[in-house]
Amino acid sequence: MGLPEYIETRLFINGEFVGSSDGKTFDITNPATLKHVAKVHEASEQDTDRAVASAKAAFPSWSALSPAQRAPYFKKLATLIRENNDELAVLEASSMGKPVGAFFDGFAAAGKFDHYAETGHTVQGTTSVQTPGFLNLTLRQPYGVVAAIIPWNAPLLFLAGKVAPALIVGNTVVVKSSEKAPLTSAKLATLVQKAGFPPGVFNIITGFGNVSGSILSHHMDVRALSFTGSGRTGRIIQAAAAKSNLKAVYLELGGKSPAVIFDDADLEKAAKDTGYSVQSNSGQVCMMNSRIYVQDTVFDRYIELFKENLISNVHVGDPLDKGINHGPQADEIQHKIVLRYLDMGKQSGDLVLGGSAPSDREGYYIHPTVFTNTPEGAQIMKEEVFGPVVNVNIFKTEEEVLAKANDTEYGLYAAVYTRDISRALRFAKGLEAGTVGVNCTSPTTGVNDTPFGGYKSSGTGREGEPMYSLNNFLETKSVIIKL
Ligand code: NAD
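The rules behind each value
Residues numbered from 1 in each chain as written. Predicted model: local features only at pLDDT ≥ 70, side-chain atom pairs only at ≥ 80, totals over all residues. UniProt positions renumbered as here; feature names shortened; annotations may be inferred. Helix = DSSP H or I, 4+ residues; strand = E, 2+ residues; numbered from the N terminus. Rg over C-alpha atoms; globule rule 2.2 N^0.38 Å. Buried ≥ 20, exposed ≤ 12 C-beta atoms within 10 Å, placed from the backbone. Contact = placed C-beta atoms within 7 Å. Core = buried A, V, L, I, M, F, W, Y, C linked by C-beta atoms within 7 Å. Near = placed C-beta within 6 Å. Nonpolar A, V, L, I, M, F, W, Y, C, P; charged D, E, K, R; others polar. Pairing = 2+ DSSP bridges. Axes fitted to C-alpha atoms, helices over the stretch in contact; angles between N-to-C directions. Expected span 1.5 Å × (residues − 1). Arc of directions from axis to C-beta.

Under the annotation held in an unreviewed UniProt entry, the protein carries the name aldehyde dehydrogenase (NAD(+)) and is attributed to Paraphaeosphaeria minitans. UniProt, in its Catalytic activity (unreviewed entry) section for the protein, records the words "an aldehyde + NAD(+) + H2O = a carboxylate + NADH + 2 H(+)". Under the Sequence similarities (unreviewed entry) heading, UniProt states for the protein: "Belongs to the aldehyde dehydrogenase family."

Next up, the structure:
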């Protein structure tokens, strides 16, 4: 599979494609081949302001429509995304290295637009006659302009998960994609234009955090902001909201997710699932199980199965090749960060697999890496690596492992493997995580029937399930009527 002849790299503002106002561009390099892919327009302060202004101008007429009147644009867009899935896969592979064979983002994003087209009408207010002499109503109303700032690891999926619920209830949006993976968002903009969304309703800009991201976070006309990315940036955004207009901020941040494997678990399944979790998207997944705890009596068997699984199921190579499931890290910066953690890991624990960059590849590849016996307090046990690196430690009792699993500032995801249903439920209740997988580590971010989000420093708010997602983008007004 190869790159399309024309790659869209401009900003999509008020229904039109425009170059950046100051002519600035930035380069996208293929992380597998180190070849230049595209020059992308970088939104300036003026461009970002213009995108917000056009969203603000489009708000009165868009918010006046019903969800049923908005839904056909969503349905058309979902169809176009599916039709363009292969091209989207190639663009993602060429900019941040996700293998085309593992690209589920297009269909998942289309599914989100379909899903919210069908659920937008479910928003409800309340009525009350509890106060004598009064009838009290609540009205749920859109905020106005909503900004979405998205990361690079699954850009289309996160974009759709934020924008679809915001738009269907009547907000207008400005999306800022990540500077590491802007090509699928720019391609999506061409599909938004084809789907016929009215100008200004759905703006997509490309650029960096320190200009366009920061302008959006501080902007007085942006009334809600949904962010997925690192905790460091999430804190900066929340501070910007506090300093400006106290916009509603929803943060989906990083993780250091534990998987706990008890001695009665299906070890083969646990090894397969946790192996997939380490290797999927080259470990660049927020909910990846990066700390695995295995009960002492099955530890050796699990390690054997886990290593076997990684060795036989990981196919490293060019992400444009359909048979490959393990591509490079997204760029040189991510590669350097992971290499630094590999050094740290070797100093604190025992290396049992991987531990280096393949010497026969020029791209930003890292071998899936497994450490054991790493002290709980080691830096690599506390910080998110965001690469294919995992620490596997031993435990004896349920009480001990629950304390270890929860001994982290993160709380995004956790998994428990056991055949004992009481223990599974007791443990799920005790884990400090927004999502707990029982006998599974399957990703839930593409799923629409359950909320997703973090405890503790992994974020604020929930996305995914309509009751949560739609409500994120609605104000509540009480109307008090004297009878
Ligand atoms: P990042 O925080 O570096 O960047 C995310 C986005 O924020 C980018 O678009 C970037 O340009 C923008 N940004 C950077 N500085 C900014 C600023 N000062 N103001 C406003 N915007 C700014 O994160 P990343 O490297 O793109 O993504 C990886 C991180 O995202 C990991 O920590 C990962 O765990 C997390 N993540 C979380 C989830 C989740 O659902 N909880 C999902 C995916 C990724």
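A. Broad picture of the overall build of the protein. Within the protein, the regular secondary structure consists of 15 helices and 20 strands. At 23 Å, the protein has a C-alpha radius of gyration in line with the 23 Å of a compact globule built from 483 residues. Each principal axis of the C-alpha distribution contributes one length, and for the protein these read about 70 × 65 × 40 Å. For the protein, with 483 residues in total, the buried portion stands at 54%. Restricting to contacts in the protein with at least 6 residues of sequence separation, those with at least 24 account for 73%.

B. Inspection of the nonpolar core at higher detail. Of all hydrophobic cores here, the largest spans 87 residues; its most connected members are F74, F113, L159, V163, V173, V174 and L225. Core analysis: the second largest hydrophobic core is formed by 48 residues, L342, M381, F386 and V401 among them.

C. Looking closely at the site of the ligand. Contacts to the ligand come from 31 residues, most closely from G209, G213, G229, T233 and G254. Elements that contribute at least two residues to the shell around the ligand include exactly α7 (209–218) and α8 (231–243). Here the shell around the ligand takes five residues from α7, the largest share from any one element. Across the shell around the ligand, the residue classes break down as 11 nonpolar, 16 polar and four charged.

D. Broad picture of the sheet that holds strand β16 (residues 389–395). Reading across from one edge, β14-β15-β16-β13-β12-β17-β18 is the order of the seven strands in this open sheet, with mixed pairing throughout. Lying at the two open borders of the sheet, with one neighbouring strand each, are β14 (350–353) and β18 (435–438). Pairs of neighbouring strands in the sheet enclose a mean axial angle of 25°, with direction left out of account. In the packing of helix α10 (residues 299–313) onto the sheet, the strands contacted are β12 (257–261), β13 (289–295), β14, β15 (369–372) and β16, and the crossing angle to β14 comes to about 50°.

E. Broad picture of the sheet that holds strand β6 (residues 134–142). Strand order in this open sheet of three strands is β5-β6-β20, and the pairing throughout is antiparallel. Strands at the two margins of the open sheet, each flanked by one partner only, are β5 (127–128) and β20 (474–482). Note that β6 and β20 share nine bridges and pair antiparallel. From the neighbouring strand, L139 faces β20, where its bridge partner is K477.

F. Spotlight on the UniProt feature "active site" (unreviewed entry) in the protein. According to UniProt, the positions carrying the feature "active site" (unreviewed entry) are E252. Mapped onto the fold, E252 is located in strand β11 (residues 248–252). According to the C-beta neighbour criterion, E252 is buried, with 29 such atoms within 10 Å. Ignoring sequence-local partners within four residues, the contact set of E252 consists of F227, T228, G453, G454, G459 and E463.

G. Up close: unusual backbone geometry. Located in the positive-phi region is F386, a residue other than glycine, with phi close to 60°. Judged by C-beta crowding, with 24 C-beta atoms within 10 Å, F386 ranks as buried. The residue K456 is not glycine, and still its phi comes out positive at about 50°. Counting through the fold element by element, K456 comes out in the loop between β18 and β19 (459–460).

H. Inspection of the environment of K477 at higher detail. Its place among the elements puts K477 in strand β20. Remark: the alpha-carbon pair of K477 and K269, spanning 208 residues in sequence, is separated by 49 Å. In this structure, K477 is in contact with T138, L139 and Q141, ignoring residues within four places of it in sequence.

I. Inspection of helix α11 (residues 332–348) at higher detail. For α11, spanning 17 residues, the distance from its first C-alpha to its last is 25 Å, which sits close to the expected 24 Å at 1.5 Å a residue. Of all the positions in α11, only Q334, H335, V338, Y341, L342 and G345 are classed as buried. Down the axis of α11, the buried side of the element spans an arc of 125°, and every buried residue falls inside it. Away from its buried face by more than 90 degrees, α11 exposes I333, K336, R340, D343 and Q347. Contacts from the buried residues of α11 go to β14, β15, α12 (379–382) and β16.

J. Here's a closer look at helix α3 (residues 85–96). For α3, with 12 residues, the first-to-last C-alpha span of 16 Å sits near the 16 Å given by 1.5 Å per residue. A large share of α3 lies buried, amounting to nine of its 12 residues. Taken together, the buried positions of α3 are occupied by L88, A89, V90, L91, E92, A93, S94, S95 and M96. Following α3 by one or two positions, G97 adopts a phi angle in the positive range, close to 90°.

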